[in-house]
Amino acid sequence: MTRPTARVLALLELLQTGGTHTVGELAGRLGVDERTVRRYVDHLTDLDIPVRSVRGRYGGYRLAPGYRMPPLMLTDDEAVAVLLGLLTTGTGSSATAVDAAASATAKLRRVLPTHLTARLDALINTVEFTADQSPETAVETTVLLRLAEATRERQPVTIGYTDRGGRSSERTVYPYGLVAHSGRWYLTGKDSDSNELRPFRLDRITAVTTLPGTFTPPAGFTPAAHLLSALATAPYRYDVSIRVQGTLAQVRPLLPATIATVHEIDSAPEARPWVRVRIRAEQLDWIPPLLAGLNRPFIIERPDALNDAVRALARRLTAAADGRYQTPG
């Protein structure tokens, strides 16, 4: 690509950021004089790219909506962000949205550099989404793509990791899959330190180094299912156990899999069925409304503090029904 052509494309990239850009600003960013900027603008308009001139003290150039979409120039981070948005749209959406997302993904892949296409393909082939998707927590693109490649190629990695207590460590992980869940990205795999399967939050991974050699994941392993189970059984301040009247099929859909496990309880054939619900929580204040929403008889087995929290909720509801409830403060 010749130098003037590269600068014309760089001008288009600047205009695509939105707003009005003064000639002086554009000249400084491109390293040319103002007359050259105007000549570059003429090149863009000759290509039917709708560049508009804005007069006045704060005038300059801006892109106007046109009948044709101007060519997109994306950084690696921007390309990953667009692709992740398309993947999210293609999961759990209408057939029309799925087809549109697939078509847009194909178009994006065709215009990307070869090195980036290969890395994004690794991400497409390894990522899983839970029902609660739409990842919002930002992660480093390099970390995400490198883990995707290692997962696809079944190569171990060394990661720098900071746990929720703020402690930093370096550990070797055998990456089995990447999962987007509840606004976050997770890596699921075998931790060589503990020799156990566990999830790692990607926003806590500070560095990734691919190691030589390969490994074989367990047969039938599903990263998303393992993540949901791990989150539901992670150690917390309170280990809550509750018996709820109903069958497993009746109660299970009422409780998110990420916060509760539900198991059948053996009972006499003629007795009404009950299930046991286990919840691990740092705080108890959100559990009484959850139990009330079940609209089923329940018995709290532990902790005793939950009984007090349920009684407090009952008093507030009774006061509200009697018109006596007042917002604290």
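Per-chain numbering applies: the sequence of each chain, read as written, is numbered from 1 onward. Reporting of local features is limited, given that this is a predicted model, to residues whose pLDDT is at least 70; pairs of side-chain atoms are given and counted only at 80 or more, and all residues count toward the totals for whole chains, interfaces and linings. Side-chain numbers come from the whole structure's heavy atoms, not from hydrogens or water.

Colleague: Even after reading the chapter, I still don't get the overall build of the protein, so can you show me in this structure?
Modeller: Within the protein, the secondary structure is distributed over eleven helices and twelve strands. Relative accessibility under 20% of the residue-type maximum defines a buried residue, over 50% an exposed one, and the middle range a partly exposed one, all with a 1.4 Å probe and only protein chains included. Looking at the protein as a whole, 36% of its 329 residues qualify as buried. Considering only residue pairs separated by 6 or more positions, the protein has 62% of its internal contacts joining residues 24 or more positions apart. For the area figures, the Shrake-Rupley method with a 1.4 Å probe applies, and any residue is considered shielded solely by the protein chains shown. Accessible surface for the protein amounts to roughly 18,900 Å². Of this, 50% is attributable to carbon and sulfur atoms. Only DSSP runs of H or I with at least four residues qualify as helices, and only runs of E with at least two residues qualify as strands; both kinds are numbered from the N terminus onward. In this description, contact between two residues means that some pair of their heavy atoms is separated by no more than 4.5 Å.

Colleague: Looking at this structure, how should I read the environment of Leu 254?
Modeller: Of note, Leu 254 is situated in the loop between α9 (248-251) and β10 (260-264). Sequence separation between Leu 254 and Leu 294 is 40 residues; the distance between their C-alpha atoms is 6.6 Å. If near-sequence neighbours (up to four positions away) are discounted, Leu 254 is found in contact with Leu 294 and Arg 296.

Colleague: It is not clear to me how the side chain of Thr 151 should be interpreted in this structure. Could you clarify?
Modeller: Residue position: Thr 151 is located in helix α7 (residues 141-153). Not counting chain neighbours up to four residues away, the residues in contact with Thr 151 comprise Thr 126, Pro 175, Tyr 176, Gly 177 and Leu 187.

Colleague: Hey, could you run me through the packing of aromatic side chains in this one?
Modeller: Each aromatic ring pair is described using two quantities: the centre-to-centre distance and the angle formed by the ring planes. Here is the rule: rings of Phe, Tyr and Trp (six-membered ring for Trp) pair when centre to centre is within 6.5 Å. Planes less than 30 degrees apart are stacked, more than 60 are edge-to-face, and the remainder are tilted. Following the criterion strictly, the structure yields four aromatic pairs and no others. Plain terms: the ring middles of Tyr 161 and Phe 200 are 5.1 Å apart, the flat faces sit at 90 degrees to each other, and that makes the pair edge-to-face. Remark: Phe 200 occurs in strand β7 (residues 196-201) and Tyr 161 occurs in strand β4 (residues 157-162); sequence separation between them is 39 residues. Residues Tyr 161 and Phe 200 agree in their burial class; the two are buried. Note on Tyr 176 and Phe 215: the rings are 5.7 Å apart at their centroids and 45 degrees apart in plane angle, and the pair reads as tilted. In this pair, Tyr 176 sits in strand β5 (residues 168-181) while Phe 215 sits in the loop between β8 (205-210) and α8 (223-232), placing the two residues 39 residues apart along the sequence. Accessibility expressed as a relative area gives 10% for Phe 215, which makes it buried. Here the aromatic cluster, defined as three or more aromatic residues joined through ring pairs, consists of Tyr 174, Tyr 176, Phe 215 and Phe 221. As a reminder, the over-ring test applies to NZ of lysine and CZ of arginine, requiring each to be within 6 Å of the ring centre and within 35 degrees of the ring normal. Over the aromatic face of Phe 200 sits the side chain of Arg 198, whose NZ or CZ is 4.0 Å from the ring centroid.

Colleague: For this particular structure, what's the right way to read the side chain of Arg 201?
Modeller: Following the sequence through the fold, Arg 201 ends up in strand β7. Among residues more than four places away in sequence, those in contact with Arg 201 are Tyr 161, Arg 184, Trp 185 and Tyr 186.

Colleague: Looking at this structure, I do not really get the sheet that holds strand β12 (residues 298-302). What am I missing?
Modeller: As a general point, the strands of a sheet are linked pairwise by backbone hydrogen bonds and lie either parallel or antiparallel. What the four strands build is an open sheet, ordered β10-β11-β9-β12; its pairing is antiparallel. Whereas interior strands pair on both sides, the edge strands pair on one side only; in this sheet they are β10 and β12. The average angle at which neighbouring strand axes cross in this sheet is 25 degrees, direction not considered. Examined bridge by bridge, strand β9 (residues 238-245) and strand β11 (residues 274-281) share eight bridges and lie antiparallel to one another. The partner of Tyr 238 across the bridge, within β11, is Ala 281. In this description, a line fitted to the C-alpha atoms serves as the axis of each element, helices being fitted only across the stretch in contact, and the angle between N-to-C directions of two axes falls anywhere from 0 to 180 degrees. Those strands touched by helix α11 (residues 304-321) are β9 and β12, and its axis lies near 140 degrees from that of β12. At least two DSSP bridges between two strands are required for those strands to pair.

Colleague: Looking at this model, I keep getting lost on unusual backbone geometry. Mind explaining?
Modeller: Residues apart from glycine generally show negative phi values, whereas peptide bonds are mostly found in trans. With an omega of -5 degrees, the peptide bond running from Arg 302 to Pro 303 counts as cis. Among the secondary structure elements, Pro 303 is positioned in the loop between β12 and α11. In this structure, Arg 154 takes a positive phi of about 55 degrees despite not being glycine. Mapped onto the elements of the fold, Arg 154 is located in the loop between α7 and β4. Although it is not a glycine, Asn 295 adopts a positive phi angle of roughly 55 degrees. Positionally, Asn 295 belongs in the loop between α10 (287-294) and β12.

Colleague: How should the environment of Leu 211 be read in this particular structure?
Modeller: Within the element layout of this structure, Leu 211 appears in the loop between β8 and α8. A residue is classified by how much of its surface remains accessible, and Leu 211, at 24% relative accessible area, is partly exposed.

Colleague: Is there a simple way to explain the pairing of β7 in this structure?
Modeller: Where a strand is regular, its side chains alternate between the two sheet faces. Here strand β6 (residues 184-191) pairs with β7 via six bridges, running antiparallel. Note on β7: the bridge partner recorded for Tyr 186 is Arg 201. Between β6 and β7, which pair antiparallel one after the other, the connecting turn spans four residues, and Asn 195 there sits at a positive phi close to 60 degrees.

Colleague: What's the story with the pairing of β4 in this structure? I'm lost.
Modeller: Within β4, five of the six residues are buried, which leaves the element mostly enclosed by the surrounding structure. The pairing of β4 with β8 spans five bridges and is classified as antiparallel. Within β8, the position partnered with Thr 158 by the bridge is Thr 209.

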